[in-house]
Amino acid sequence: KFGFAVDDSISSQVYNNQVENATTTSAVNQTKGMVMKSGDAFVGAFYYSTSAGITASAHEVWIQNAGALPNPTPYLMGQNLTYDLSGNLVTFDPTSEASMLSFFQQIRLDTPDSGSRFHRWKVELTPVQLRNILNSHLSDMYTASPQLILTKVDQNFISRPIPSDVGVVSDMRITQRGESGVVIRLEITTATGVYQIINQYNIRFTLRTVSSSAGSNVTTHFARNTDTTYTQTSLTQSTLASGFFAIDKSGGNFVLYGGGYGHGVGMSQYGASGLGNRGYS
């Protein structure tokens, strides 16, 4: 309606209208004509803002159907670059939600993504807020991806329209997670049924933690990897920050502990900056 199809937000690509910088100009000139290839083919060079200390495998993120996962891309496999302050690798078990919750609850860590407030985040949703969020967005996500928003009928999950009011929410849990740690399937139980949301994009855009959708203020808390606790807050997160999170049920509410910002595949921008500051080429 405005006469254009792109804008300068994260809906298209952020453009902050900054003046030319000698360092980035030098980097462009030094790499002019260089390309990255895997075998004889150009790579898909994906990037995003911030990692959680771990990156995602592409085939566990961009999922087109509810069946088997796509074939892996060898150079886009998840990596763990999370260390404690003694230099020991911090590991996790993607088959254990308790292990993933413990991983995302750790704040003071050594990761490449120095300085990003999205290193760790948490957000708490009441059942009423979650119901309002689902009523605001789940039907729209079904319309966009009906093969990935499913409803349980008997013992099977099938694609069918979402009711205008999903009813009281009684449970929300992660039922499938990739080996890289990224969430693949989220299952939500309400008074009208059990709903399954597949792939991190659909999950993040369904759980839009904005107060206008929730019906009351939703606060997201943030921590950098040099913090010992959450030091910043925001009421204006338009989507769930990433697909790297775990759920803790506390006092009837759902507390999501997570890390990173973006899809998590390939190179994180804060990670590249952090490695550059350490002297890596």
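Just above sits the structure.
Residues numbered from 1 in each chain as written. Predicted model: local features only at pLDDT ≥ 70, side-chain atom pairs only at ≥ 80, totals over all residues. Heavy atoms only, no water.

Draft legend 1. Representation of the pattern of salt bridges in the model. Under the definition given, this model contains five salt bridges. A salt bridge links Asp110 to Arg278; the nearest nitrogen and oxygen atoms lie 2.8 Å apart. Of the two residues, Asp110 is situated in the loop between α2 (97-105) and β4 (120-125) and Arg278 in the segment after α6 (269-277); the sequence distance between them amounts to 168 residues. The class of Asp110 is partly exposed, set by a relative accessible area of 30%. (Salt bridge = Lys/Arg side-chain N within 4 Å of Asp/Glu carboxyl O. Helix = DSSP H or I, 4+ residues; strand = E, 2+ residues; numbered from the N terminus. Buried < 20%, exposed > 50% of the residue type's maximum accessible area, 1.4 Å probe, protein only.)

Draft legend 2. Layout of the pairing of strand β13 (residues 253-258). By the criterion of burial, β13 is predominantly enclosed, with six of the six residues buried. Residues Asn253, Val255 and Tyr257 line one face of β13 and the alternating positions Phe254, Leu256 and Gly258 line the opposite face, and both faces are buried. Sheet topology note: the β4/β13 ladder contains five bridges and is antiparallel. Opposite Leu125, over in β13, you have Phe254 as the bridge partner. Bridge count between strand β12 (residues 245-250) and β13: six bridges; the pairing is antiparallel. The residue bridging Ile247 from the neighbouring strand is Leu256, located in β13. (Pairing = 2+ DSSP bridges.)

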